[in-house]
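Report on the structure
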Amino acid sequence: MELSIKYDPSKVEDKWYAWWLENRFFHSEPDGREPYTIVIPPPNVTGILHMGHVLNNTLNDVLIRKARMDGKNACWVPGTDHASIATENKVVAKLKGMGISKEDISREEFLRHAWAWKEEHGNKILLQLRKLGASCDWDRTRFTMDPDLSKAVTETFVYFYKKGLIYRGVRMVNWDPEGHTAVSDEEVVYKDTKRHLYYVRYFVSDGEGHPTDKYLTVATTRPETIMADAAVSVNPNDERYLWLRGKKVLVPLVGREIPVIEDDYVSIDFGTGCLKVTPAHDPHDYEIGLRHNLPIISVIDDRGKLTEEAVVLVGEDRFQAQKDVVGLLEAAGNLDHIEDYSSPVGYSERTNAAIEPMLSTQWFLKMGELSKNALEAVESGNVKLIPDKYRNTYRHWMENVRDWCISRQLWWGQQIPAWYLPDGRFVVESDAEKALEAARELDPAIKAEDLRQDPDVLDTWFSSWLWPISVFDPEKPGHPERESNPDLAYYYPTNDLVTGPDILFFWVARMIMAGDVFMSDVPFRNVYLTGIVRDKLGRKMSKQLGNSPDPLDLVAKYGADAVRIGMLLCSSAGNDIFYDESMVEQGRNFCGKIWNSWRLVSGWSVDEGAPQSEACRSAVKWFDNLLSRTIAEVEDNYSKFRISDALMAIYRLFWDSYCSWYLEIVKPVWGESIDRATLDATVTFFDKLLRLIHPVMPFITEELWQAMAPRKEGETIMFQPTPKAGEIDRKFLAGFDITQGAVIGVRGIRAQKQIPPKQTLGLHLEGKTVPELNPVLEKLANVELLEKVPEGPASSFIVGTVQCSVPLSGLVDSSEELGRLEAELARQKSFLEGVRRKLGNAGFVAHAPEAVIAGERKKEADALSRIEALEKTIASLSK
RNA sequence: GAGGCUUUAGCUCAGCUGGUUCAGAGCGCUUGCUUGACAGGCAAGAGGUCAGCAGUUCAAAUCUGCUAAGCCUCACCA
């Protein structure tokens, strides 16, 4: 088959992907082989492919393809996450565009819209993954809200409730006024925010609700919550405020009388030492309120607007209200002064709205026992975190985690399986029927229509923490005692999980918890945490900055293999990734190199009768050894998840060693043929190289592998075994290093003296070499090896311990050459001196291990022989 | 505020248990090549006081301490 000069991925990639699908090569069923399983970190259904996905899924695909070629039964389960807040927001926004407000439609109607949205857009990201070459078992595609997966979530809820681990209670939660829902502590991001510290005067009451002329001043960042104040607190040890003991003060603007209380929480040296206590709108104040039995006055509602209880500015948005309250305070003479101030403010991870601490009734899952066991799984090494620096972070979190708020005031998600009786009591059951039964035990008169299901849904992570279990056996979650189905029994625990450190707690830790409870085993053995993809200036990729390229554009421009290579090249393990398009170019260039190397070999004609030259035989021997050595290195890198190092090792083997050295040796001169033995070896090498690099570059390798030779129906490189390392002759490899050094040296002389490559030169070697390699040297450097030390002017250099001289009558400026040699001689002498100083050091000889001393002695001997050779050359030159 | 990580060539990073001629790789850069596979290429080069200081040791890029810069995680002094 004739190959085009340039590799064109667009003509190749879709063809092979379709063919792989057609043959169901990605599909896995349990069998006698060892399983190798990965579950995809399910992207949001709202998602579109970004560079983070590219990194993550390329790594996943490399691992899964490698395992497949290693003979394992590789199964990569794909799917998507319903992402309740993100998706609900999208749908609300879409409805808004259609002039529909969520408030105006029923839950059922809203969910119809949401499902329609999911059907239309939800598959997009999975289709995009195919462009990357991801070899997922698409037959196993799952969605966290598939009916059976939702059922798994419900059963899990019921399980934990009946175990007494889930409870319902009034707590101070993180309220997202934009998403109109509570969010968990983990979904709050704190950002330093410029704000103001308002110093406000509270006048002391005369006892009958009238102000006296005495006042105290509190510092607050949230004047709009003043109307919700339940007390003012000072530290009991603060002598400045002893006079306030037992007094009451008046809340500015509303004139309500509140007590001055004393609490240790208040710092004497912050602000004025007086704290306004607002139990409804601050977690600490809430705690103080509990201690002092203070009333709870809510002035901000779930939309972030002031309530009736605020008395002033009712109905105004909280941010506007802050400005207006300040104005009112000033007008009323209560504002002392304002300072600039910066402090962390919590924002909702999903909507970026400022979090409003708010009291509400929510469902919680107790974390105590769960987090203890999940911590143990990592501490004991049953789950390995890579890089392991994350173990600290993980431990710290697991030791400090608070109960998980799992209810969300949303519609998109699994509705909480709790049903309320008219009297407020409730039952928790997996469906309405069972709930009715249970309710009748409480009250036999209850009818189905009397029951009302809790309107809230569960946190998305409450479904994705079951993912590694429920994708295989949705019946299992909630029922640890039940026997696993054959898929779950075979594929669980999965092997490796590749994901970002940003969801270590959200997802990874919680999967470990769920695995422990329902499977009594970890969900995966290794967690490879990738870095965050940044642009080359180190900025996070974001839509706002517009610094994130569309991966599909890159694939269209450079090909998927190039994008995969580019991504891996800049992603050393555990570090953030500084993405630069030039890396993708490098990937594309590599494709071109591979392509052309086959064009060369495929064009050779073979002379069946021709004997193999010595140079060819040595080259084959060398490359065979080098291949083995590199395979060993690559395997070692893979085992440590050093994927980019593995890639680089293959890259150099392919480009430098195979193309630039090996092929240059065996390449027949124009018009001549190659012998059979060398050709066969060359083709075998190429085949092994393709297989080695296939996990990283699936498309071009399939194309070339199919082009190399006629293949049987349905035969693919995907299932060819990973090449194995053979015996390694290290002496021979070292000998080749000398040969290479000599070739480079001669080329250097040519470049320096402008001697054309076609002009054959003489070369004399002095020192230990591998004679088998001499023909290689002669061919590559275009030299004739000389038996004797050349007479007359020569240019010389040293490789290792071998002195190389190239006689160059007429071309050598002997004084220049002499100068160079003498400088080299001086360098060698000072090196020798250093080594001898070491060897002369009694401490060194006494303490250092044998091997090190032997090494130093060898260095000494080598230096001596080099010095001798140099001196000889200098002597002959100065004649 | 508390923990952790990082600092090696212009850039991105290797360098494992201190000792192998240890100061490396890729990219970039410089110079020369219309060389019968490939200019997306070939060949030859230049580039670093291993962040700084002190210590341990026969021996330090590697271990310890301090300093500086950058990053991450956790933590709502109103």
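Keep in mind that what you see is a predicted model, and the values were worked out from it rather than measured.

The next thing to look at is the overall build of chain A. A tally of helices and strands in chain A yields 27 helices and 31 strands. In terms of overall dimensions, chain A has C-alpha extents of about 120 × 70 × 55 Å along its principal axes. For chain A, long-range pairs separated by at least 24 residues make up 76% of all intrachain contacts whose partners lie at least 6 apart in sequence. For chain A, the exposed surface amounts to about 39500 Å²; the carbon and sulfur share of it is 50%. The positive charge centre, built from 105 side chains, and the negative charge centre, built from 131, are 5 Å apart in chain A.

Leu-365, Tyr-394, Phe-462, Tyr-658 and Tyr-662 are the most contacted members of the largest nonpolar core, which has 188 residues in total. It is helix α20 (residues 643-666) that contributes the most residues to this core, 15 residues altogether.

A few words now on the pattern of salt bridges. Across all of its chains, the model carries 51 salt bridges by this definition. The residue Arg-140 makes a salt bridge to Asp-487 at a minimum N-O spacing of 2.9 Å. Of the two residues, Arg-140 is situated in the loop between α5 (124-132) and β4 (142-143) and Asp-487 in helix α14 (residues 486-491); the sequence distance between them amounts to 347 residues. Here Arg-140 matches Asp-487 in class, with each residue buried. In this structure, the salt-bridge partner of Arg-642 is Asp-645, at a minimum N-O distance of 2.8 Å. Relative accessible area serves as the criterion here: at 31%, Asp-645 is assigned to the partly exposed category. Overlapping salt bridges bring together Arg-222, Glu-224, Arg-318 and Glu-356 as one network.

Further remarks concern the protein's contact with RNA strand B. Lining the immediate surroundings of RNA strand B are 54 residues, of which Ser-267, Pro-283, Tyr-341, Trp-670 and Arg-866 lie closest. Among atoms of RNA strand B positioned within 4 Å of the protein, sugar and phosphate together represent 53%. At 3.2 Å from a base nitrogen of RNA strand B is found a side-chain nitrogen or oxygen belonging to Glu-664. Side-chain polar atom of Arg-747 to a phosphate oxygen of RNA strand B: 3.4 Å apart, as the coordinates give it. Those elements giving two or more residues to the surface near RNA strand B turn out to be β8 (211-220), α10 (390-400), α18 (581-602), α20, α23 (730-753), α26 (842-847) and α27 (850-878). In terms of residue count, α18 provides more of the surface near RNA strand B than any other element does, nine residues in total.

Moving on, we get to the side chain of Arg-691. Relative to the elements of secondary structure, Arg-691 occurs in helix α21 (residues 676-693). Within the structure, the side chain of Arg-691 is placed 2.7 Å from the side chain of Asp-687, a separation counted as a polar contact. Those residues in contact with Arg-691, other than ones at most four positions away along the chain, are Met-69, Ile-717, Gln-720, Pro-721, Thr-722 and Pro-723.

This brings us to the sheet that holds strand β18 (residues 418-420). Note on sheets: strands pair through backbone hydrogen bonds, and any given pair is parallel or antiparallel. Reading across from one edge, β19-β18-β20 is the order of the three strands in this open sheet, with antiparallel pairing throughout. In the strand order of this sheet, the two ends are held by β19 (426-428) and β20 (452-453), each with one partner. Bridge count for β18 against β19 is three bridges, and the pairing is antiparallel. When the bridges of β19 are listed, Tyr-420 appears paired with Phe-426. The strands touched by helix α11 (residues 432-442) within the sheet are β18 and β19, with β19 carrying the most contacts at an inclination of about 135°.

On to the sheet that holds strand β5 (residues 166-176). Judged by pairing direction, the sheet is antiparallel, and its four strands sit side by side in the order β6-β5-β14-β16 without closing on themselves. In this open sheet, the two edge strands, each paired with only one partner strand, are β6 (181-183) and β16 (404-405). The sheet contact formed by β5 and strand β14 (residues 356-365) spans 10 bridges and is antiparallel. Paired with Arg-171 across the bridge in β14 is Ser-360.

Of all six residues in strand β30 (residues 794-799), five are buried; the element is thus mostly enclosed. What sits between β30 and strand β31 (residues 802-807) in their antiparallel hairpin is a turn of two residues, with Gly-800 showing a positive phi close to 60°.

Per-residue pLDDT for chain A averages 92, and the proportion of residues at 70 or more is 99%. The ipTM assigned to the predicted complex is 0.95, against a pTM of 0.93.

Attention now goes to unusual backbone geometry. Pro-387 follows Ile-386 through a cis peptide bond whose omega is 0°. Locating Pro-387 in the fold gives a position in the loop between β15 (384-386) and α10. Across the junction of Tyr-492 and Pro-493, the peptide omega takes the value -5°, indicating a cis bond. Even without being glycine, Leu-253 reaches a positive phi, approximately 70°. Position of Leu-253 relative to the elements: it lies in the loop between β10 (248-250) and β11 (257-262). Among the residues examined, Leu-253 registers a relative accessible area of 28% and is labelled partly exposed. At Asn-352, a position not held by glycine, the phi torsion is positive, near 65°. Relative to the helices and strands, Asn-352 is located in the loop between β13 (335-348) and β14.

Parameters at a glance
Residue positions within a chain follow its written sequence, with the count starting from 1. All chains are assigned letters beginning at A, and all ligands numbers beginning at 1, according to the order in which they are written. The predicted origin of the model limits local features to residues at a pLDDT of at least 70 and limits the giving and counting of side-chain atom pairs to 80 or more, whereas totals for whole chains, interfaces and linings rest on all residues. Values reported for side chains reflect all heavy atoms of the structure, with hydrogen atoms and water molecules removed beforehand. Starting at the N terminus, helices and strands are each numbered in turn, a helix being any DSSP run of H or I of at least four residues and a strand any DSSP run of E of at least two. Working rule for contacts: check all heavy atoms of both residues, and any pair within 4.5 Å makes them a contact. In this description, accessible areas are obtained by the Shrake-Rupley approach with a 1.4 Å probe, and a residue is regarded as covered only by the protein chains that are shown. For this count, His and the chain ends are skipped, Lys and Arg are scored as positive, and Asp and Glu as negative. Positions of charges follow a simple convention, taking NZ of Lys, CZ of Arg, CG of Asp or CD of Glu. The definition of a nonpolar core used throughout is a set of buried Ala, Val, Leu, Ile, Met, Phe, Trp, Tyr and Cys residues joined through side-chain atoms within 4.5 Å. Residue exposure (1.4 Å probe, protein chains only): buried if accessible area is under 20% of the type maximum, exposed if over 50%, otherwise partly exposed. Just to be clear on terms, a salt bridge is a Lys or Arg side-chain nitrogen sitting within 4 Å of an Asp or Glu carboxyl oxygen. To be near a molecule or strand, a residue needs just one of its heavy atoms within 4 Å of it. In the analysis that follows, any N or O atom pair within 3.5 Å is treated as a polar contact, provided that within protein one partner can donate a hydrogen and the other can accept it, and provided that, for residues neighboring in sequence, both atoms belong to side chains. By definition, two strands form a pair when at least two bridges between them are found by DSSP. Orientation is described by lines fitted to C-alpha atoms, with helices fitted over the stretch in contact, and by angles between N-to-C directions that extend from 0 to 180 degrees. Confidence scores per residue from the predictor, reported as pLDDT, run from 0 to 100.

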